[in-house]
Amino acid sequence: MRWDGQLAAGGDQVLPGLPGLVRSVRTPEFAGMVFHEVLAKSVLNKVAGASALPFGWTVNPYRGCSHACSYCLHGDTPILMADGTTKPISALKVGDRVYGTERRGSYRHYVTTEVRDHWSTVKPAYRVTLDDGTVLIASGDHRFLTERGWKHVTGTVAGPDRRPHLTVGNKLMGTGRFAAPPKDTADYRRGYLCGVARGDGGAEPDEQVQARVSAYLLDDLGLSLPVTWPDTPTDEWRKGLLAGVFDTDGGYSHRIVRFSNLSAHTASAVLEALARFGFQHAVEERRAPGGRCCVRVDGGLAEHLRLFHTIGPAVTAKRTITDAAIKSAARLGVREIQALGLSLPLFDITTGTGDFIANGVVSHNCFARQTHTYLDLDAGHDFDSQIVVKVNAAEVLSKQLRARTWAREHVAMGTNTDPYQRAEGRYELMPGIIRALADSGTPFSILTKGTVLFRDLPLLASVSKDVSVGLAVSIALLDRDVQRRLEPGTASPQARLELVRRAREAGLPCAVMVAPVLPGLTDTAAQLDELLGQIADVGATGVTVLPLHLRRGAREWFAAWLAREHPALVPLYRRIYGTGTNADIRYRRALGTRVGPLLRKHGFAGPDIPEPRWPRGSLPTGAPDVAIAQEQLTLL
């Protein structure tokens, strides 16, 4: 079947809101994946100044990765914070202020509370589907607040497992599912500035509004005052306008949201925007100087929160729901409860009130990240199957490299997503990127586990005569069975070893990253000895050995894989990683002690050989990884 014309979803673009989207494509060649082809405005990215990484710039032609490694997946669940915003549960920290509930007489009310503890565990998971489409993933022991009190996800009506539990038709308590926040685009910013500086004679903006306006004008997005109102507004502009008007002349008093002091022109735009997003509203009949009017937003707390989350106003004090009574939302009825048949990582937090609000539902101190059922490209990319392809990457990069300010600093590729993942065989973006870098005199390096790189070895050998080129191949293990289950979309270890050999035969330096080393799976002396021996046989110019590094998001999904594939190892990983990102220092030291003699044995370190140093720009993202590598080499 031809690739061209295979639009996803029967011809419709899957993500029409994705900036620069040209089309979304499915093909049998990549079953279960969608490729979103976009026209990027920039592909040369500067690493944050505070980073400890040994490179300053990166190029990532893809966003997401078709390798499907078990430790490279992301996801979020929104928690209602005390300032009215939301934050992913994985990003919560001890001391954060969130909303919980408090009983007063016969009713519960929303109150702010503090996160006192935060950790994760792996338990059998259940999916609870609500009438409004909300999907909640939780353990059977987890409790939700219903109109009849707290109920566990599972239980029985008799016997030792008897306890109150959810059944189809139960109605949960809460605000209703949270809306996605606005995107911080130039259109949103223009709308916000139009709302703030609309000339209606509004009140003097407070400090939060002034700070946002200053930030928007200082950022290099071509914004300045006055901002012209568009003839054809976009949805992001509308959201910005509503936020700006609400910040300057809006209010949330006595559980009523109002946009006040509106001229006819502004009122028309506000009414059109509210209607566009489906908010119930009315123009209040009240006298105001100069013919100005007031627009009220109806629908109660659920709609008011949806408004605040949709438009993202700057003034947090105007969106407090403290002391509001909790009601059972009509659309929060339980439609289905289903056992997933596997164990998943579930986040647990402890708050001062013993509960919190997770995606609009009152939750009792244990809530699962909504994992694969909740991911989309706005809320935390479905990294494994939704791939964004910057089809114009080479052209945009060439233009950026011609800028007078470009100082030809080292550019690292493969630091976020693999530029030689399987999709590169179809899109062929890297040859143009390589030529653009070489033509501008920019040194670069590539880190990959994809053998599509074979195709470009002649080109890399040619440009290496003019600029410095560094290659590195990631090879974590030799066991083909483990590799298939851990990295199902990658080339075999043997194919990657052959890639190193061919790169060296082409005259290119090529190092190997033995990463991630998996405790209890790939870290024995015999396994590492065999792997390092084969790496030496193919002529690798250097080796760095790194233990598994578990960032948030990756941590939860790797834990799910481990619990499913190797449940006996779960206690070992709990001891080594606890609730942290890096392996325990004792494990790292033991691994360094084990690896040192092996590196010397195979010629990668010794009295007459400089200690191996990873090619500048080739290390993966994550400062802790860099620190581990340096520490281990010191131990050798």
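Residues numbered from 1 in each chain as written. Predicted model: local features only at pLDDT ≥ 70, side-chain atom pairs only at ≥ 80, totals over all residues. Heavy atoms only, no water.

Enquirer: What exactly am I supposed to notice about the sheet that holds strand E21 (residues 386-390) here?
Expert: Across a sheet, paired strands are connected by hydrogen bonds in the backbone, their directions being either parallel or antiparallel. On the basis of which strands lie adjacent, the open sheet formed by 4 strands has the order E1-E2-E21-E5 and mixed pairing. Bordering the open sheet on either side are strand E1 (21-25) and strand E5 (62-63), each of which pairs with just one other strand. Bridge count between E1 and strand E2 (residues 34-38): 4 bridges; the pairing is antiparallel. Residue pairing across strands places Val25 opposite Phe35, the latter belonging to E2. (Pairing = 2+ DSSP bridges. Helix = DSSP H or I, 4+ residues; strand = E, 2+ residues; numbered from the N terminus.)

Enquirer: Mind showing me how you'd approach the packing of helix H4 (residues 235-249) against helix H6 (residues 300-311) here?
Expert: When two helices pack together, their arrangement is given by the angle between the helix axes and by the axis-to-axis distance. H6 packs onto H4 with a crossing angle of 110° between their chain directions and a minimal axis gap of 8 Å. Accordingly, the angle class assigned to the pair H4 and H6 is roughly perpendicular. For the pair H4 and H6, contact is made by Lys239, Leu242, Ala243 and Phe246 and by Phe308, Thr310 and Ile311, respectively. Partitioning the contact of H4 with H6 into residue classes produces 5 nonpolar, 1 polar and 1 charged. (Axes fitted to C-alpha atoms, helices over the stretch in contact; angles between N-to-C directions. Parallel < 35°, antiparallel > 145°, perpendicular 65-115°, else oblique. Contact = heavy atoms within 4.5 Å. Nonpolar A, V, L, I, M, F, W, Y, C, P; charged D, E, K, R; others polar.)

Enquirer: Sorry if this is basic, but what is going on with the packing of helix H8 (residues 393-401) against helix H10 (residues 430-439) here?
Expert: At their nearest, the axes of H8 and H10 sit 8 Å apart, and the two run at 10° to each other. Here H8 lies roughly parallel to H10, going by the angle between them. Of the residues in H10, those touching H8 at Ala393, Ala394, Leu397, Ser398 and Leu401 are Gly432, Ile433, Ala436 and Leu437. Partitioning the contact of H8 with H10 into residue classes produces 7 nonpolar, 2 polar and no charged.

Enquirer: Is there a simple way to explain the side chain of Arg189 in this structure?
Expert: Tracing the chain through its elements places Arg189 in helix H2 (residues 186-196). Within polar-contact distance, the side chain of Arg189 engages the side chain of Asp184 at 2.8 Å. (Polar contact = N/O pair within 3.5 Å; in protein donor to acceptor, adjacent residues only side chain to side chain.)

Enquirer: Just checking my understanding: could you explain the sheet that holds strand E16 (residues 281-284) for this structure?
Expert: Taking strand neighbours across the sheet as the criterion, the 4 strands line up as E14-E15-E17-E16 in an open arrangement whose pairing is antiparallel. If you trace the sheet from one side to the other, it starts and ends with strand E14 (250-253) and E16, each paired once. In this sheet, adjacent strand axes meet at a mean angle of 25° when their direction is disregarded. Sheet topology places E16 next to strand E17 (residues 293-297); 4 bridges connect them, and they run antiparallel. Counted as the bridge partner of Glu284 is Cys294 from E17. On top of the sheet, H4 reaches E14 and strand E15 (256-262); it is set at about 85° to E15, its chief contact. This element, helix H5 (residues 264-276), spans E15, E16 and E17 of the sheet and lies at about 150° to E15.

Enquirer: How should I be thinking about the confidence of the model for the chain in this particular structure?
Expert: When the pLDDT values of the chain are averaged, the result is 79; 78% of them are 70 or greater. Per-element mean pLDDT across the chain ranges from 26 in helix H18 (residues 623-635) up to 97 in helix H11 (residues 457-463). Segment residues 70-75: pLDDT under 50, and 28 contacts once partners within four positions in sequence are set aside and those in other chains are kept. Ignoring residues within four places in sequence, the model shows residues 606-636, a span with pLDDT below 50, making 79 contacts including any to other chains. (pLDDT = per-residue confidence, 0-100.)

Enquirer: It is not clear to me how the pattern of salt bridges should be interpreted in this structure. Could you clarify?
Expert: For side chains bearing opposite charge, pairing can occur when the charged atoms are close. Across all of its chains, the model carries 21 salt bridges by this definition. For Arg104, the salt bridge goes to Glu102, with nearest N and O atoms at 2.9 Å. A residue is classified by how much of its surface remains accessible, and Glu102, at 37% relative accessible area, is partly exposed. Between Glu303 and Arg306 there is a salt bridge, with the nearest N and O atoms lying 2.8 Å from each other. Separated by 3 residues within a single helix, Glu303 and Arg306 lie in helix H6, roughly one turn from each other. Through salt bridges with shared partners, a single ionic network connects Asp235, Arg238, Glu272 and Arg276. (Salt bridge = Lys/Arg side-chain N within 4 Å of Asp/Glu carboxyl O. Buried < 20%, exposed > 50% of the residue type's maximum accessible area, 1.4 Å probe, protein only.)

Enquirer: Hey, could you run me through unusual backbone geometry in this one?
Expert: Apart from glycine, the bulk of residues carry a negative phi angle, and the bulk of peptide bonds sit in the trans form. Of note, the bond from Ala515 into Pro516 is cis; its omega dihedral lies within 30 degrees of zero at 0°. Secondary-structure assignment places Pro516 in strand E25 (residues 510-517). The phi dihedral of His254 is positive, around 55°, even though this residue is not glycine. Structurally, His254 can be placed in the loop between E14 and E15. Exposure remark for His254: the relative accessible area of 75% places this residue in the exposed category. For Arg255, which is not a glycine, the phi torsion comes out positive at approximately 60°.

Enquirer: It is not clear to me how the state of the cysteines should be interpreted in this structure. Could you clarify?
Expert: In the structure shown here, the tally under the stated rule is 0 disulfides. No disulfide involves Cys293; its nearest neighbouring cysteine sulfur is the one of Cys294, lying 7.4 Å away. By relative accessible area, Cys293 is classed as buried at 18%. (Disulfide = S-S within 2.5 Å.)

Enquirer: Teacher, can you tell me more about the side chain of Thr248 here?
Expert: Along the chain, Thr248 turns up in helix H4. Here Gly244 takes part through its backbone oxygen, which lies 3.0 Å from a polar atom of the side chain of Thr248.

Enquirer: In this structure, what is going on with the pairing of strand E26 (residues 543-547)? I would like to understand it.
Expert: Sheet faces and side chains relate simply in a regular strand, where the side chains alternate between the two faces. Of all 5 residues in E26, 5 are buried, a share of seventy percent or more. What you see with E26 is no split at all: Val543, Val545 and Pro547 on one side and Thr544 and Leu546 on the other are buried throughout. As defined by bridge partners, E25 adjoins E26 across 4 bridges and the pair is classed as parallel. The partner of Met513 across the bridge, within E26, is Thr544. Running through helix H14 (residues 525-537), the crossover from E25 to the neighbouring parallel element E26 is right-handed. (Right-handed = clockwise from strand over helix to strand, strands pointing away.)

Enquirer: Explain the pairing of E14 here, please?
Expert: Burial of E14 is one-sided: the residues Gly250 and Tyr252 facing one way are buried, the residues Gly251 and Ser253 facing the other way are not. As judged from the 4 bridges shared by E14 and E15, these two strands associate in the antiparallel manner. Bridge pairing in E15 places Gly250 opposite Phe259. The hairpin formed by E14 and E15 contains 2 residues between the paired strands, and His254 there has a positive phi angle of roughly 55°.

Enquirer: Looking at this structure, I do not really get the environment of Met173. What am I missing?
Expert: One can find Met173 in strand E13 (residues 171-173). The spatial distance from the C-alpha of Met173 to the C-alpha of Val362 is 6.1 Å, given a sequence separation of 189 residues.

Enquirer: Can you walk me through the nonpolar core in this structure?
Expert: A general tendency of soluble globular proteins is for nonpolar side chains to be buried together. With 80 residues, the main nonpolar core has Ile433, Phe444, Leu471, Val514 and Ile535 as its most contacted residues. If one sorts the elements of this core by residue count, H10 sits on top with 6 residues. Non-local contacts of Leu471, meaning those with residues more than four positions away in its chain, are made with Ile446, Leu453, Leu457, Leu460, Ala503, Leu508, Pro509, Cys510 and Ala511. Within the second largest apolar cluster, 46 residues are counted, among which are Tyr99, Leu241, Ala273 and Leu307. (Core = buried A, V, L, I, M, F, W, Y, C linked by side-chain atoms within 4.5 Å.)

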